[in-house]
Amino acid sequence: MPNNVTTVKAEPGKQELFIYREFDAPRELVFKAMTDPKLLPRWVGPCDMKMRIDKFEPGSGGSWRFIHVDAKGNEFGFHGVCHEQLVPQRLIRTFEFEGLPESGHVVLETARFEALPGNRTKLTIQSVFQSVQDRDGMVMSGMERGVTESHQQLDALLAAGF
């Protein structure tokens, strides 16, 4: 049975979390939506924010920086480094929120794209944090809402054929 619901799993005491989601689209399209700078602003982030790309070099060794802007004009920056882009199977990159009092809270993310029968895709993202406290802070920040809303927007984008 299809599982078009975003699931975030964070076991107590661990430095990692997993995000699971299935999409009604082939993995090549899901991968493209996650790596195309023209598509990313159309679906990444909570529904009540706009996203703009400051920098995006998706290949191995490249870097990226996204900025989310809320209705009041407040900006929230995120950046990282791309370690691997294995089309259409895997992305490995770092992620860091710029709004923390100190830098260095870097997360290592691995996104795996599994082709499913019926032109569907299972996305599994593993995020490894530097500490349990960093991981718990991310979970408590409301990241699950942002990820869930992003995936819902991605569903609509995929359904419309971009």
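All values reported here derive from a predicted model rather than from experimental measurement. Here, residues in each chain are numbered from 1, in the same order as that chain's written sequence. Only residues with pLDDT of at least 70 get local features here, since the model is predicted, and only at 80 or more are side-chain atom pairs given and counted; chain-wide, interface and lining totals rely on the full set of residues. For the side-chain quantities, the full set of heavy atoms in the structure was used; hydrogens and water were omitted.

Q: Please provide a residue-by-residue account of the sheet that holds strand β1 (residues 7–9), values included.
A: Within a sheet, each strand pairs with its neighbour through backbone hydrogen bonds, oriented either parallel or antiparallel. Taking strand neighbours across the sheet as the criterion, the eight strands line up as β1-β2-β8-β7-β6-β5-β4-β3 in an open arrangement whose pairing is antiparallel. The open sheet is flanked by β1 and β3 (50–56), the only strands paired with a single partner. The average angle at which neighbouring strand axes cross in this sheet is 20°, direction not considered. As paired elements, β3 and strand β4 (residues 63–69) share six bridges and run antiparallel to each other. What sits directly across from Lys55, in β4, is Arg65. Any two residues whose heavy atoms approach within 4.5 Å are treated as being in contact. To get an axis, fit a line to the C-alpha atoms, keeping to the stretch in contact for a helix; angles then go from 0 to 180 degrees between the N-to-C directions. In this description a helix means any DSSP run of H or I spanning at least four residues, a strand means any run of E spanning at least two, and both kinds are numbered starting from the N terminus. The sheet strands contacting helix α3 (residues 143–159) are β1, β2 (16–23) and β8 (120–128), and the helix crosses β2 at an angle near 20°. For two strands to be treated as a pair, DSSP must find no fewer than two bridges joining them.

Q: How would you explain the packing of aromatic side chains if you had to name every residue and give the values?
A: Aromatic ring pairs are defined here through the distance separating the ring centres and the angle between the ring planes. Any two of the Phe, Tyr and Trp rings considered here, Trp counted by its six-membered ring, make a pair once their centres fall within 6.5 Å; the pair's planes then place it as stacked at under 30 degrees, edge-to-face at over 60, or tilted in between. Scanning the entire structure with this criterion turns up seven aromatic pairs. Summarising the aromatic geometry, the rings of Trp64 and Phe95 are spaced 6.1 Å apart at their centres and angled 35° between planes, so their arrangement reads as tilted. One end of the pair, Trp64, is in strand β4; the other, Phe95, is in strand β6 (residues 90–97), with 31 residues separating them in the sequence. The classification of residues rests on relative accessible area computed with a 1.4 Å probe and restricted to protein chains. Under 20% of the type maximum is buried, over 50% is exposed, and intermediate values are partly exposed. Classification of Trp64 by relative accessible area gives buried; the value is 5%. A relative accessible area of 17% means that Phe95 is categorised as buried. Ring geometry for Phe78 and Phe97: centres 5.1 Å apart, planes at 35°, overall tilted. Here Phe78 is found in strand β5 (residues 75–86), whereas its partner Phe97 is found in strand β6, with 19 residues between them in sequence. What makes Phe78 buried here is its relative accessible area of 16%.

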